[in-house]
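Given next are the chains, with one letter for each unit.
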Amino acid sequence: MKKLLATLVLAGVCGSAAAAGIHIQDQWARATVEGMKMGGAFMNIHNDNKKADFLLGGSSPVAERVEVHTHVNDNGVMRMREVKGGVPLAAGENTELKPGGYHIMFMGLKRQLKEGETVPVTLKFKHAKSQTVQIPVKNVPKPAAHNHDHGGAAHAH
Ligand SMILES: [Cu+2]
């Protein structure tokens, strides 16, 4: 009986220790059309470790490279840039990768990403060990483009 109790206590300790680490939630990748060479993926990254970390990128069988990108406003035009040094993941915090912000980018897609399937992506961190997540592919419309006034004339076809 005493031994059983000790085992239960140990299991409890292990249970709480398992909460440490980097946890990926709500991940999804945008469905692509045939011939597209790039694709994006988004997720929430909870860093439940005691120190800050960085998401450096990753790899996936569906793409030649997996990079981390952000969007920067370049004289009013939103452009994507690779994040040098990785996406910062503050200790104890959630970092959101979402359309228009930080995102995972599939570079050199080897095939179409179809709605309903799941693609494996191995995420690489600066400190934590790599982890592979299964990312469901969803057909989510892109956020509405910024509405620029082009003066009309140039767009009169
Ligand atoms: Cu990108």
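Residues numbered from 1 in each chain as written. Predicted model: local features only at pLDDT ≥ 70, side-chain atom pairs only at ≥ 80, totals over all residues. Heavy atoms only, no water.

Chemist: Can you break down the coordination of the copper ion residue by residue, with the values?
Modeler: Only His69 (ND1), Met80 (SD), His103 (NE2) and Met105 (SD) from the protein reach the copper ion as donors, at distances of 2.1 to 2.3 Å. Taken together, the four donor atoms surrounding the copper ion define angles of 91 to 120° at the centre, an arrangement classified as tetrahedral. When the donor residues of the copper ion are listed from N- to C-terminus, their spacing reads H-x10-M-x22-H-x1-M. As far as the burial class goes, His103 and Met105 line up, both buried. (Donors = N, O, S within 2.8 Å, 3.2 Å for Na, K, Ca; no water. Tetrahedral: all angles 85-135°; square planar, octahedral: opposite > 155°, others 65-115°. Buried < 20%, exposed > 50% of the residue type's maximum accessible area, 1.4 Å probe, protein only.)

Chemist: Outline the environment of Val121, listing residues and values.
Modeler: Counting through the fold element by element, Val121 comes out in strand β9 (residues 118–125). On the basis of relative accessible area, Val121 is assigned to the buried category, the value being 0%. In this structure, the C-alpha to C-alpha distance between Val121 and Pro61, residues 60 residues apart in sequence, is 7.7 Å. Contacts of Val121, omitting those with residues within four sequence positions, involve Ser59, Ser60, Val66, Phe106, Gln131, Thr132, Val133 and Ile135. (Helix = DSSP H or I, 4+ residues; strand = E, 2+ residues; numbered from the N terminus. Contact = heavy atoms within 4.5 Å.)

Chemist: An account of the pairing of strand β2 (residues 38–47) is requested, with residue identities and associated values reported.
Modeler: Most of β2 sits inside the fold, with eight of its ten residues counted as buried. Bridge analysis of β2 against strand β8 (residues 103–109) gives four bridges, and the strand direction is antiparallel. Counted as the bridge partner of Ala41 is Ile104 from β8. Direction of pairing for β2 relative to strand β7 (residues 94–97): antiparallel, over a ladder of four bridges. Looking across to β7, one finds that His46 is bridged to Asn94. (Pairing = 2+ DSSP bridges.)

Chemist: I'd like a description of unusual backbone geometry, backed by residues and values.
Modeler: Trans is the common state for peptide bonds, and a negative phi is the common state for residues other than glycine. Even without being a glycine, Asp26 presents a positive backbone phi close to 55°. For Asp26, a relative accessible area of 52% puts it in the exposed group. In the Ramachandran plot, Asn75 falls in the positive-phi region, its phi being about 50° despite a non-glycine side chain. Its location among the elements puts Asn75 in the loop between β4 (63–74) and β5 (77–82).

Chemist: Tell me about the side chain of Thr32, residues and numbers included.
Modeler: Tracing the backbone through its elements, the reader meets Thr32 in the loop between β1 (22–30) and β2. For Thr32, a relative accessible area of 6% gives the class buried. From its side chain, Thr32 meets the backbone nitrogen of Leu113 in a polar contact 2.9 Å long. Leave out the neighbours within four places in its chain, and Thr32 touches Met38, Gly39, Leu109, Gln112 and Leu113. (Polar contact = N/O pair within 3.5 Å; in protein donor to acceptor, adjacent residues only side chain to side chain.)

Chemist: Tell me what's going on with the environment of Ala90, and back it up with residues and numbers.
Modeler: Mapped onto the elements, Ala90 comes out in the loop between β6 (87–89) and β7. Separated by 36 residues in the primary sequence, Ala90 and Phe54 have C-alpha atoms spaced 8.3 Å apart. Once residues lying within four places of it in the same chain are set aside, the contact partners of Ala90 are Asn47, Ala52 and Thr95.

Chemist: Account for the confidence of the model for the protein, naming residues and giving values.
Modeler: When pLDDT is averaged across the protein, the result is 86; 79% of the residues are at 70 or more. A low-confidence stretch, residues 146–157 (pLDDT under 50), is modelled with three contacts involving residues beyond four sequence positions or located in other chains. (pLDDT = per-residue confidence, 0-100.)

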